[in-house]
Protein chains: 2
Amino acid sequence: MADLVADLIPVALPQNPYEIAIAAGLLDDLGPQLRDRAGLKNRRLLVVSNPLIFKHYGDRAIASLTAAGYDVARCILPAGERYKTPRSIQKIHDAALDHRLERGSAIVAIGGGVIGDMAGFAAATWLRGIGVVQVPTSLLAMVDAAIGGKTGVNHPRGKNLIGAFHQPKRVLIDPTVLKTLPVRELRAGMAEVIKYGVIWDAALFEQLEAAPRLDRYGDIAPLLQDILRCSCQAKAEVVAQDEKEAGLRAILNYGHTIAHAVESLTGYRSVNHGEAVAIGMVAAGAIATALNLWEPSCEARQRALIEKTALPVALPPGLAIADILDSLQLDKKVKDGQVQFILPTAIGQVEIRDRVPTDVLRQILTAMQP
Amino acid sequence: MADLVADLIPVALPQNPYEIAIAAGLLDDLGPQLRDRAGLKNRRLLVVSNPLIFKHYGDRAIASLTAAGYDVARCILPAGERYKTPRSIQKIHDAALDHRLERGSAIVAIGGGVIGDMAGFAAATWLRGIGVVQVPTSLLAMVDAAIGGKTGVNHPRGKNLIGAFHQPKRVLIDPTVLKTLPVRELRAGMAEVIKYGVIWDAALFEQLEAAPRLDRYGDIAPLLQDILRCSCQAKAEVVAQDEKEAGLRAILNYGHTIAHAVESLTGYRSVNHGEAVAIGMVAAGAIATALNLWEPSCEARQRALIEKTALPVALPPGLAIADILDSLQLDKKVKDGQVQFILPTAIGQVEIRDRVPTDVLRQILTAMQP
C-alpha cells in the first residue's frame, strides 16, 4: 500500500481489535492488505460475492489475492435481501468444504450489506469460527454493515433474527467502487450517514446541511472521504465501547425499530434498508418532538436533510398501522414486552427509551401514511 | 439448594465465567438454580429436549422452573445424532420465535450431547446470542459436551463442521438421572472419563483401574461423584486456559481424530461417539508406542481399562483404510493439510503432533481391523 493514501480507523475492541482502511484503489491492494496487514498466513481463501459486483470487481480482487500467494475459490450468491437466508449460508458452507477451508483460513466478502452479513455469519459458524475480511461495495455497507461484527440472515418472520457477533479481521473500503452503485442505493447509504450526524456527530450533520445537493453521486463524491471517515469513526467508537449491544450500541439502531417493521411488512422488496431507516428516523424524530425531548426545529432540520437526499419521509402505501405495531413486538430489542426506541435530544445526541405510549406511536404513524 | 450437597466447579473464563454444579436431586432445583445462581431475570425460557428424556424428566424440570416464576415453552426434537442438522436448528428457532424469546431469555437444554450441542448452537445464533443452560442427562454430556461452549451441528459430509463457541450460563448435573441411561451409553461416557485419566489425571486413571468392573451402572455408581468431579475439573481447567482451542484445548481431542472419521464413515449409526473415541484412543495409543513416545506398558494399561468398560478396541467391520485416511483430511484440526494427533507420553500426559507418517497410520489401522 506504499502508493495509497489511506485513512486508518482503529476499532479498539479488547478481544478482536482491527482496522478500517479507506483509500481509493484499495481493491487492487487486497492481497498485500490480507497478507501484510491482516496477518492471514493460511493460503486458502473463499471470496463471497454476488454476480453483478463480481462482474465489476471480481477479476481485480482475485488477481491481487492470487498475486499475494493465496489459493482463492469463489461462492457467488444471487443479489438481494430475499436471498439472505439459512439456505445461502448452506451454499457458502458447501463451498468452504469443497475448498477445504481450515481454521486459519478466511472468507472475503466483496459486496453490499447482504453479502457482508451472510459471509460474516457463514464464517462465524464454520469450524466454530473462521476469519472474515469485509470489502464493502455499497455506501450502506461501508459506513455500517461491514463494521462491528453483526452478522446474520433473515427468518421468514423477521429480519436478522438468526445471527451472531463475529468481528472481521479487517475492513477495506475503496470509495471509487461507488461510481457503479445505482443512485437509489447511494441514497440509501446516505440515510445511515445522516443517522451518524443525528446520533453522534453534529459537525458531520452540518457538513451535509451545507452541501447544495445530496441526491446524486457527483455532488456526494467531493465529500466522500470525509463522509466515510466520520461515519466509520462514529461506528468504531460506539462498537469499541459496547461490542455486544449491552447498552450504548443500541443508539446505532436509531430509526431502525420502525425500519425493520416496514421492511418486514413489505417483504424486503418495495422499500430498501436505507429508505426504511429514513422513514424510521422521521418517525423517531416526531416521537422525540411529541415527548418534548428535542426542539421542533431539530426535527425540521433532520427532515430537510432526508428530503434533500431524495429519501422517503412517508410510509409506503398499503401498510396497516396495526400490523406495524404488531411487528414491532418481534424486534430483537424488545425487553419484557417493551419496544425500545432511540430518540434524539439534540443534533448529535440521542437517548434510549422503552416506554413510548402506543397511542403516540399510532398517531405519528397515521400522520406518516401516504 | 439448601438441602443439596453439591460439588461446585468454576470454569474460570475471563469473559464468561460460570459454574458446574454436581448434586443428586438438582433436577428438582432447576428453577432456583436459574433464578438465584445463574441470574436469569427474564421470564421466558425454552426447554429443548428429546421425547424419551422429556418423558422421564420433563414434568419435574418444568414444575421447578414454573414454580420459580418462569414462563416455559418446549421444543422436543427426535433423538439421535442423525437429527443434529441445520433443520433441527430451524425448529428451535421457530419455537424461540413462537415463544417470543428476548435477548435476556435463555434456552434450557435437557438431554445428551446432541441436544446440548443443538440447543447451544440455536442459542448462539438466535438474536445474535441468547443464554443457554446445560442440563446434561448422559454421562458423555456431563463430563464433556455440556462444558466448554462447543456447540454445533453436522454437515452431511462432516461432523460438527457447522458451529460456534457459546458458553453456557450454568451447567447442572444430577447424577441420579444416569439410572435410566442405557448401559451402552453409560459405557460410551466412560470412554471420555478414561480419556481424562490418560490426558490429565493419573489419579483418576488409577481409581478406574482399581475398580473390579466398569461395564455396568451398579459398579460405576459408587464412583460417580468422584468421576464427575474429576472429569469436569479436568475439562474446566483446560477450557479456562484455552477457550477457543488455540493450543492446549486440542488435547481434549485425544482419540477424536480417528473417532470422527469412524463415526462419519459409519453414518453415525452403528458406532456411538464414546465407542468411536475408545477406538480412537486405542489407535492413538498404538501410534504413540510406534513413535516411541510412551511405554508399551502404558498402552497395555489403557487397553485393559477400555476392555474392562466393555468398549471396542477394534475398528467396526467393513471400513476401508483408504476411506479413513481420506476422511481425516476433512477434520477441523487439519493445518496446512497436516492431520493433528494428540498422543500420550505417560498416564496423565499428552502432546500434540502433526507429523504422523501415513504408513505408520495405515499399519496401525490395518492391525485394528476386525
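On a predicted model such as this, the values are computed, not experimentally measured, just so you know.

What counts, and where the lines are drawn
Residues numbered from 1 in each chain as written. Chains lettered and ligands numbered in written order. Predicted model: local features only at pLDDT ≥ 70, side-chain atom pairs only at ≥ 80, totals over all residues. Heavy atoms only, no water. Helix = DSSP H or I, 4+ residues; strand = E, 2+ residues; numbered from the N terminus. Buried < 20%, exposed > 50% of the residue type's maximum accessible area, 1.4 Å probe, protein only. Contact = heavy atoms within 4.5 Å. Pairing = 2+ DSSP bridges. Axes fitted to C-alpha atoms, helices over the stretch in contact; angles between N-to-C directions. Least-squares fit on C-alpha atoms with pLDDT ≥ 70 in both. Polar contact = N/O pair within 3.5 Å; in protein donor to acceptor, adjacent residues only side chain to side chain. 1 Å grid on protein atoms, 1.4 Å probe; cavity = no way out; pocket = protein on both sides within 12 Å on 5 of 7 lines; lining within 4 Å. Points joined across faces, edges and corners; volume = space filled by probe spheres on them. Nonpolar A, V, L, I, M, F, W, Y, C, P; charged D, E, K, R; others polar. Domains from an automatic or database assignment.

Details of the environment of A:Leu208
All names here are of chain A.
- Tracing the backbone through its elements, the reader meets Leu208 in helix H7 (residues 202-210).
- We classify Leu208 as buried; its relative accessible area is 1%.
- Considered as a pair, Leu208 and Asn50 are 158 residues apart in the sequence and their alpha carbons are 31 Å apart.
- Not counting residues within four places of it along the chain, the set of residues in contact with Leu208 comprises Met190, Val193, Ile194, Leu214, Ile227, Leu305 and Lys308.

Overview of the sheet that holds strand S2 (residues 18-22) of chain A
All names here are of chain A.
- What the seven strands build is an open sheet, ordered S1-S2-S9-S6-S5-S3-S4; its pairing is mixed. A single partner strand is all that each edge strand has here, and the edge strands are strand S1 (7-11) and strand S4 (71-76). Averaged over all pairs of adjacent strands, the angle between strand axes in this sheet comes to 20°, irrespective of strand direction.
- As paired elements, S1 and S2 share five bridges and run antiparallel to each other. By the bridge assignment, Leu8 is partnered in S2 with Ala21.
- Against the sheet, helix H1 (residues 30-37) makes contact with S2, strand S3 (44-49), strand S5 (106-111), strand S6 (131-136) and strand S9 (170-173), and its axis sits at roughly 155° relative to S9, the strand it touches most.
- Seen against the sheet, helix H4 (residues 113-124) touches S3, S5 and S6 and runs at an angle of roughly 170° to S5.

Observations regarding the relation of the copies chain A and chain B
- With an RMSD of 0.0 Å, the fit of chain A onto chain B corresponds to turning through 180° and sliding 0.0 Å along the axis. The symmetry that links the two subunits is that of a two-fold axis.
- In this assembly the copies share their binding face: 100% of the residues contributing to the interface of chain A also contribute to that of chain B.

Here's the deal with the side chain of B:Asn42
- Within the secondary structure, B:Asn42 sits in the loop between helix H1 (30-37) and strand S3 (44-49).
- What makes B:Asn42 buried here is its relative accessible area of 10%.
- At 3.0 Å, the side chain of B:Asn42 forms a polar contact with the backbone nitrogen of B:Arg44.
- Among the polar contacts listed, one links the side chain of B:Asn42 to the side chain of B:Glu102, at a separation of 2.9 Å.
- In contact with B:Asn42, not counting residues within four places along its chain, are A:Asp336, B:Tyr70, B:Glu102, B:Gly104 and B:Ser105.

Considerations on empty space enclosed by the protein
- Counted by the stated rule, this structure contains seven cavities of 30 Å³ or more.
- Counted as a void, the largest cavity has a volume near 210 Å³.
- Together, 15 residues line the largest cavity, and A:Pro86, A:Phe121, B:Pro86, B:Ile89 and B:Phe121 are the ones closest to its centre.
- At the level of secondary structure, the elements contributing two or more residues to the lining of the largest cavity comprise helix H3 (86-98) of chain A together with helix H3 (86-98) of chain B.
- Considering only residue class, the lining of the largest cavity consists of nine nonpolar, six polar and no charged.
- Taken as a whole, the second largest cavity encloses approximately 130 Å³ of empty space.
- In terms of lining, the second largest cavity is formed by 13 residues, of which the most central are B:Lys159, B:His260, B:Ser327, B:Leu330 and B:Asp331.
- Classifying every residue of the lining of the second largest cavity by side-chain character gives four nonpolar, five polar and four charged.
- Three or more residues apiece are contributed to the lining of the second largest cavity by two domains, here domain 1 (7-180) and domain 2 (189-367) of chain B.

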